[in-house]
Amino acid sequence: MTCKILVVYHSQSGNTRKMAEKTAEGVRSIVDATVFLKMASESTLEDLLACDGLVIGSPEYFGYMAGMVKDFFDRTYHEVRGRKETFKKPYAVFISAGNDGTGALNHIERICLGYQFKKVLAPVIAKGEVDDAILAQCEELGKTIAAGCREGIY
Ligand SMILES: Cc1cc2nc3c(=O)[nH]c(=O)nc-3n(C[C@H](O)[C@H](O)[C@H](O)COP(=O)(O)O)c2cc1C
């Protein structure tokens, strides 16, 4: 089986981007997996419908997700609500925060409940520097969701 994973993220100063790129690297390391690595501002309804699983990455800004990640949800929610292509779609989240991250995570997870996506992995949360240990977790996240989707285990 092949699988397509959408890694959709926003980043202003580059921390979340590093996490997104490493997650995408993890996906690419899985045979028969394809990654679509896209900024949230450039991501579309078609991207969401076409993927077999998605990973959402956001910095925490003011105790919330980045505005552009929210905008992606705002632009797609109405269209996908109740559609079989997104029902129980496997998803995972990574967050880059200065010192917290729970606000962004909780709001994203709440919205994903509304979409009826299926959370399949624990989130990766970077507090402060995005170091090698965090990047290794992101790579593992990408590998695991891609392998799981390919095998149809979710
Ligand atoms: C406008 C703004 C608001 C922020 N608010 C929070 C916050 O509420 N909690 C927190 O832990 N970090 C906060 N931070 C720190 C960022 O989450 C952190 O620097 C993150 O790594 C930025 O990711 P990026 O480089 O991908 O933009 C804020 C940063 C900015 C610029």
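Position numbers for residues start from 1 in each chain and track the written sequence from start to end. With pLDDT at 70 or above as the cut-off, local features in this predicted model cover only qualifying residues; side-chain atom pairs require 80 or more to be listed or tallied, and sums for whole chains, interfaces and linings still use all residues.

### A few points about the overall build of the protein chain
Here is step 1: When you go through the protein chain residue by residue, the secondary structure sums to five helices and seven strands.
Here is step 2: Here a helix means four or more residues in a row that DSSP labels H or I, a strand means two or more in a row labelled E, and each is numbered from the N terminus. In sequence order, the protein chain lays out its α and β elements as β-α-β-α-β-β-α-β-α-β-β-α.
Here is step 3: When its C-alpha atoms are laid out on the principal axes, the protein chain stretches across 40 × 35 × 25 Å.
Here is step 4: Counting other C-beta atoms within 10 Å of a residue's own tells you its class, since 20 or more makes it buried, 12 or fewer makes it exposed, and anything in between is partly exposed; those C-beta atoms are placed from the backbone. The proportion of buried residues among the 154 residues of the protein chain is 44%.
Here is step 5: Partitioning the intrachain contacts of the protein chain with sequence separation of at least 6 by distance along the chain shows that 82% fall at a separation of at least 24. In this description, a residue-residue contact is defined by the distance between C-beta atoms placed from the backbone, which must lie within 7 Å.

### Description of the site of the ligand
Here is step 1: Around the ligand lies a shell of 18 residues, among which S11, N15, T16, P59 and G98 are the nearest.
Here is step 2: Of all the elements in the fold, those that place two or more residues in the shell around the ligand are α1 (15–28), β3 (53–61) and β5 (90–97).
Here is step 3: Among the residues making up the shell around the ligand, the classes are represented as four nonpolar, 11 polar and three charged. Nearness rests on one distance test: the residue's C-beta atom, set from the backbone, must lie within 6 Å of the molecule or strand. By the convention adopted, Pro, Cys, Tyr, Trp, Phe, Met, Ile, Leu, Val and Ala count as nonpolar, Lys, Arg, Asp and Glu as charged, and the other residues, Gly among them, as polar.

### Remarks on the nonpolar core
Here is step 1: Ranked by internal contacts, the top residues of the largest apolar core, which has 45 residues, are I5, V7 and V55.
Here is step 2: Apart from residues lying up to four places away in sequence, V55 is in contact with I5, V7, T23, Y91, A92, F94, L141, G142 and I145. Joined through C-beta atoms within 7 Å, a set of buried Ala, Val, Leu, Ile, Met, Phe, Trp, Tyr and Cys residues constitutes a nonpolar core.

### Considerations on the pairing of strand β1 (residues 3–9)
Here is step 1: Summarising burial for β1: six of the seven residues are buried, a large majority.
Here is step 2: As judged from the seven bridges shared by β1 and strand β2 (residues 33–39), these two strands associate in the parallel manner. Paired with K4 across the bridge in β2 is T34.
Here is step 3: Tracing the backbone out of β1, into α1 and back to the parallel element β2 gives a crossover that is right-handed. Two strands pair under a simple rule: DSSP has to find at least two bridges between them. Whether a crossover is right-handed depends on one test, that the path from the first strand over the helix to the second runs clockwise when the strands point away from the viewer.

### Regarding unusual backbone geometry
Here is step 1: The backbone phi angle of D32 is positive, close to 70°, even though this residue is not glycine.
Here is step 2: Inspection of the secondary structure assignment puts D32 in the loop between α1 and β2.
Here is step 3: With phi around 60°, K88 is a residue other than glycine that occupies positive phi space.
Here is step 4: Along the polypeptide, K88 turns up in the loop between α3 (67–80) and β5.

### Quick word on helix α4 (residues 102–115)
Here is step 1: Here α4 spans 20 Å end to end across 14 residues, near enough to the 20 Å set by a 1.5 Å rise per residue.
Here is step 2: Considered for burial, the residues of α4 that qualify are A104, L105, I108 and Y115. Down the axis of α4, the smallest arc covering the buried residues is 95°, so these residues share one side. Away from its buried face, by an angle of more than 90 degrees, α4 presents the exposed residues R110, L113 and G114.
Here is step 3: Residues of α4 that are buried in the fold lie against β3, β4 (64–65), α3, β5 and β7 (124–127).
Here is step 4: Positive backbone phi, approximately 65°, marks Q116, located one or two places after α4. By this rule the span expected of a helix is its residue count minus one, scaled by 1.5 Å. As used here, the arc belongs to the directions running from the helix axis to the C-beta atoms.

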